[in-house]
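Report on the structure
The chain contents come next:
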Amino acid sequence: MGDESRLAAVVALAQGMAAAHSSRETWRAAAGGARRALGGSFAALSVWERELGRLRVLVNVGELAEGEEEFPEDESYPVHQFAEITEFLHERWAGGGEPDAWVETAQGPEEGRAGYCHQRVAALRRRGRGCCVVAPIVLHGRAWGELYVARPVGEPVFGRADADFATVLASVAAAGIAQTERLEEARRLAFTDSLTGLANRRAVDARLDEAVELHRRDGAVVSLVVCDVNGLKRVNDTLGHSVGDRLLERFGTVLSLCGAMLPGALAARLGGDEFCLLAVGPSADEVVKAADEVCRRAVELDIGDGVACGVASTQDPIGPVRSARRLFRLADAAQYRAKAERAAHPVVAGREGPDDPVVRLADEPSREADGERRRFRGRHAPG
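In short, a report on the structure. (Residues numbered from 1 in each chain as written. Predicted model: local features only at pLDDT ≥ 70, side-chain atom pairs only at ≥ 80, totals over all residues. Heavy atoms only, no water.)

1. Quick look at the overall build of the chain
Within the chain, the regular secondary structure consists of 12 helices and 11 strands. The long-range share in the chain, meaning contacts at least 24 apart out of those at least 6 apart in sequence, stands at 64%. Accessible surface computed for the chain: about 18700 Å², of which carbon and sulfur atoms make up 50%. (Helix = DSSP H or I, 4+ residues; strand = E, 2+ residues; numbered from the N terminus. Contact = heavy atoms within 4.5 Å. Areas by Shrake-Rupley, 256 points an atom, 1.4 Å probe, with all protein chains shown as cover.)

Next up, the structure:
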């Protein structure tokens, strides 16, 4: 491959990664671009998980052998089986510069040529591949993982020039991976409550819109639990805001633990002392059971006065739910009633018969409903 062709391949790899919208797309673009640039039949991108002492495969592309998957759930290899990881990513690197790519063949290293037998050679033979080039990926000044490209038996063996080019491709891939990680971190922060680590109101709004659309299209059960932490104002006024923050953090942990009872549920802090759980799929009774557990555990916290909990589910008799706004108003109204009545258990919209007061409150014009909510709040002690 000439210099112009290699330059074009580098540009194509960078553009492919720049167009990716998720980590998976980035991994696929990195491996796929490297495979095409090096004329390989197969490529993989793997990450070095130091804490687990293993090399984990993120993506396989090209001609997959038996047992290989594009995005494997758990294809990993103990690092101690790969001496070159230690040598290339520690010893040689520590001597100055960054690690270079190297080539392996199914025949093993020739006399006088560097190489490694053992796992890589065995894998080439087992999967019918004749050679591979392995390029370490360095991210934020640390060894992150590796880019692996292989050719089948009978194809020309990779040479030193290919290994040098693979090193360049690995650097381009590292830049793309770093950019994706920065964007995903920005997205995560945009949808995360900084105090509790739970999702925030923005995340709930987006997920709830999707959930209600799924309910309208496929009849999926969508349930929303809205919680108000009792006593936060008193704690802030008497013990200080740092203790109030600790109450919110501890309740956030309770909510997260109880939300785990509902597969895929989203636990969130809406703001101030208000939290919620959003569940799609579990039955209304399962959600009420989880909400009841929230109430029970909140009482056991050594600060605060428990929690007021309201539940609204499309599986209960609350009428048609055509918008996220209506489901939120129902859960919100149920929570206000729980607050007013100092209820030890969740109040569930739609379970008090045809003229359920929570449903009536939620569906009243907003001015009247807000007045009724103020009356609800006026019937219980401040905080």
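Don't stop here, the text continues.
2. Here we look at the sheet that holds strand S11 (residues 347-348)
Pairing is mixed in the open sheet, where five strands are placed in the order S8-S9-S7-S10-S11. A single partner strand is all that each edge strand has here, and the edge strands are strand S8 (266-271) and S11. Pairing of strand S7 (residues 222-229) with strand S9 (residues 274-280), which is carried by seven bridges, proceeds in the antiparallel orientation. Within the sheet, the bridge partner assigned to Asp228 lies in S9 and is Glu274. Along the sheet, helix H9 (residues 284-299) makes contact with S7, S9, strand S10 (307-313) and S11, crossing S10 at roughly 175°. (Pairing = 2+ DSSP bridges. Axes fitted to C-alpha atoms, helices over the stretch in contact; angles between N-to-C directions.)

3. Here's the deal with unusual backbone geometry
Leaving glycine aside, a negative phi is the common case for residues, and trans is the common case for peptide bonds. One non-glycine residue, Arg342, adopts positive backbone phi at about 50°. In this structure, Arg342 sits in the loop between helix H10 (324-340) and S11. Using a relative accessible area of 59% as the deciding quantity, one classes Arg342 as exposed. (Buried < 20%, exposed > 50% of the residue type's maximum accessible area, 1.4 Å probe, protein only.)

4. Some details on the nonpolar core
In terms of nonpolar packing, the biggest core is built from 39 residues, with Leu38, Leu45, Val133, Ile137, Trp144 and Leu169 touching the most fellow members. Elements represented by at least two residues in this core include exactly helix H1 (3-18), helix H2 (23-38), strand S1 (42-49), strand S2 (54-62), strand S5 (129-139), strand S6 (142-152) and helix H5 (160-190). Among residues more than four places away in sequence, those in contact with Ile137 are Leu45, Arg142, Ala143, Trp144, Gly145, Glu146, Leu147, Ala170, Ala174 and Ile177. Counting 32 residues, the second largest nonpolar core, distinct from the first, contains Ala203, Ala211, Val212 and Ala331. (Core = buried A, V, L, I, M, F, W, Y, C linked by side-chain atoms within 4.5 Å.)

5. Overview of the packing of aromatic side chains
By the definition in use, this model includes two aromatic pairs. Centroid distance Phe42 to Tyr148: 6.2 Å. Interplanar angle 75°. Geometry classified as edge-to-face. In this pair, Phe42 is assigned in strand S1 and Tyr148 in strand S6, connecting sequence segments 106 residues apart. According to the relative accessible area criterion, Phe42 is buried, its value standing at 3%. (Phe/Tyr/Trp six-rings, centres within 6.5 Å; stacked < 30°, edge-to-face > 60°.)

6. A look at the sheet that holds S1
Overall, antiparallel pairing links the six strands, which are arranged S3-S2-S1-S6-S5-S4 in an open sheet. Strand pairing shows two members of the sheet lacking a second neighbour, strand S3 (76-78) and strand S4 (102-105), which therefore form its edges. Across the sheet, the mean angle from the axis of one strand to that of its neighbour is 25°, orientation sign disregarded. Examined bridge by bridge, S1 and S6 share six bridges and lie antiparallel to one another. Its bridge partner being in S6, Leu45 is matched across the sheet by Leu147. The strands that H2 touches are S1, S2, S5 and S6; relative to S2, the one it contacts most, it runs at about 65°. Here H5 sits on the sheet in contact with S1, S4, S5 and S6, set at roughly 45° to S5.

7. Some details on the environment of Ala324
By the secondary structure assignment, Ala324 is in helix H10. For Ala324, a relative accessible area of 13% puts it in the buried group. C-alpha of Ala324 to C-alpha of Val212: the two residues are 112 residues apart in sequence and 5.9 Å apart in space. Contact partners of Ala324, with chain neighbours within four places excluded, come to Leu208, Asp209 and Val212.

8. Observations concerning the side chain of Thr180
Turning to its location among the elements, Thr180 is positioned in helix H5. With sequence-adjacent residues up to four places away left out, Thr180 is seen in contact with Ser22, Ser23 and Thr26.

9. Structural notes on the packing of H1 against H5
Between H1 and H5, whose axes approach to 9 Å, the crossing angle comes to 25°. Looking at the two axes, H1 sits roughly parallel to H5. When the axes of H1 and H5 are compared, the crossing they make is right-handed. In this structure, H1 uses Arg6, Ala9, Val10, Leu13, Ala14 and Met17 to contact H5, whose residues at the interface are Ala161, Asp162, Phe165, Val168, Leu169, Val172, Ala173, Gly176 and Ile177. Of the residues that constitute the contact of H1 with H5, the class distribution is 12 nonpolar, one polar and two charged. (Parallel < 35°, antiparallel > 145°, perpendicular 65-115°, else oblique. Left-handed = near helix turned anticlockwise from the far one by under 90°. Nonpolar A, V, L, I, M, F, W, Y, C, P; charged D, E, K, R; others polar.)

10. What to know about H2
When the terminal C-alpha atoms of H2 are compared, their 23 Å separation across 16 residues agrees well with the 22 Å that a helix rising 1.5 Å per residue should span. Three or more residues of H2 are buried, namely Ser23, Thr26, Trp27, Ala29, Ala30, Ala31, Gly32, Gly33, Ala34, Ala37 and Leu38. Next to the buried residues of H2 lie H1, S1, S2, S5, S6 and H5. Phi turns positive, to about 65°, at Gly39, one or two residues after H2. (Expected span 1.5 Å × (residues − 1).)

11. Some details on the pairing of S2
In terms of strand pairing, S1 meets S2 through eight bridges, oriented antiparallel. In the strand pairing of S2, Ala43 is matched with Val61. In sequence, S1 turns back onto S2 through a hairpin of four residues, with Gly53 there showing a positive phi of about 60°. Examined bridge by bridge, S2 and S3 share three bridges and lie antiparallel to one another. Its bridge partner lying in S3, Arg54 is registered against Pro78.

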